[in-house]
Amino acid sequence: MKKLLTISVLVFFITGNMNAQSTLYEKPVKRTQTLKTMSDPAPAPAPAPAPTQVNNVQKTAPNLPIYRITSARIHILTGNDNKEFPSKVSFSLYQKNYDESKGDRWEDFGLFEVRQLKNEMKINSNTEMGLGPINNGNTSKNYLSNIQNSGLVFEIIYDPNFFADAWRIEGISLTLEVKDQNGNYHPTLGSKTINFQNATGFLNGEYRRMVCSIDGSLNGITASIEKCSDCFLLWKKRL
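Read on for a plain summary of the structure.

**Focus: the sheet that holds strand S13 (residues 220–226)**
With respect to topology, six strands assemble into an open sheet ordered S7-S5-S4-S8-S12-S13, the strand pairing being antiparallel. Strand pairing shows two members of the sheet lacking a second neighbour, strand S7 (132–133) and S13, which therefore form its edges. Pairing geometry for strand S12 (residues 209–214) and S13, over six bridges, is antiparallel. Within S13, the residue paired with serine 213 across the bridge is threonine 222.

See below:
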């Protein structure tokens, strides 16, 4: 019995020793570490689409209106002394800043004209006629923006056939049409009639010239009759 007890004690110590060694030499558990990965960068924005082209011409915004004077008509009221045939009269409309003494060229400033008209204008009659455009009216001198900066002059030059001939003018008005490049009328100046309140008096062999001033808003300012001994030479310079 004593021998059996001794054997049991030895077995107990041996088994405990083996379990302790098994614990000391147990393989460590392999631990995995989850690494935080960086996300891919956001994609760059797609490039803007190229402008649409039609027949190799890039589309643009609709053209802004460019207004110009496209026609001019005059209305003349003759008083109690007619304009006789074949006495001549010339009408012209041009930019006010035209200065012949500075060498300005007529074609760069003149807008519309009628030269050396011989028709009779009877006593107490109303004569209406259109003026012809200079250089077809296609240059920038006709642009409303330029005219608003300078103003206009409407001019009459009388060339009597006989020294005693005279022509009595009782009133003058001028009608202008203003349109854009598409043929549309200007919203406020599309058809503008300009009146000259003091455009009255005699034109004769000495006082041959009437000058009517127009401001940049196409309003008549004043009219005056002037001596013009060299009017014929004046018109020759404008040819």
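**What to know about the packing of aromatic side chains**
On inspection of all chains with the given rule, the structure shows seven aromatic pairs. Summarising the aromatic geometry, the rings of tyrosine 94 and tryptophan 106 are spaced 5.3 Å apart at their centres and angled 65° between planes, so their arrangement reads as edge-to-face. Placement of the pair is tyrosine 94 in strand S4 (residues 88–95) and tryptophan 106 in helix H2 (residues 106–109), with a sequence separation of 12 residues. Judged by centre distance (4.6 Å) and plane angle (50°), the rings of phenylalanine 162 and phenylalanine 163 are tilted. Residue classification places phenylalanine 162 among the partly exposed positions, given a relative accessible area of 45%. Phenylalanine 163 gets classed as exposed once you look at its relative accessible area, which sits at 68%. Through a chain of ring-to-ring contacts, three or more aromatic side chains come together here, namely Tyr94, Tyr98, Trp106 and Phe109.

Calculation criteria
- Residues numbered from 1 in each chain as written.
- Predicted model: local features only at pLDDT ≥ 70, side-chain atom pairs only at ≥ 80, totals over all residues.
- Heavy atoms only, no water.
- Pairing = 2+ DSSP bridges.
- Helix = DSSP H or I, 4+ residues; strand = E, 2+ residues; numbered from the N terminus.
- Phe/Tyr/Trp six-rings, centres within 6.5 Å; stacked < 30°, edge-to-face > 60°.
- Buried < 20%, exposed > 50% of the residue type's maximum accessible area, 1.4 Å probe, protein only.

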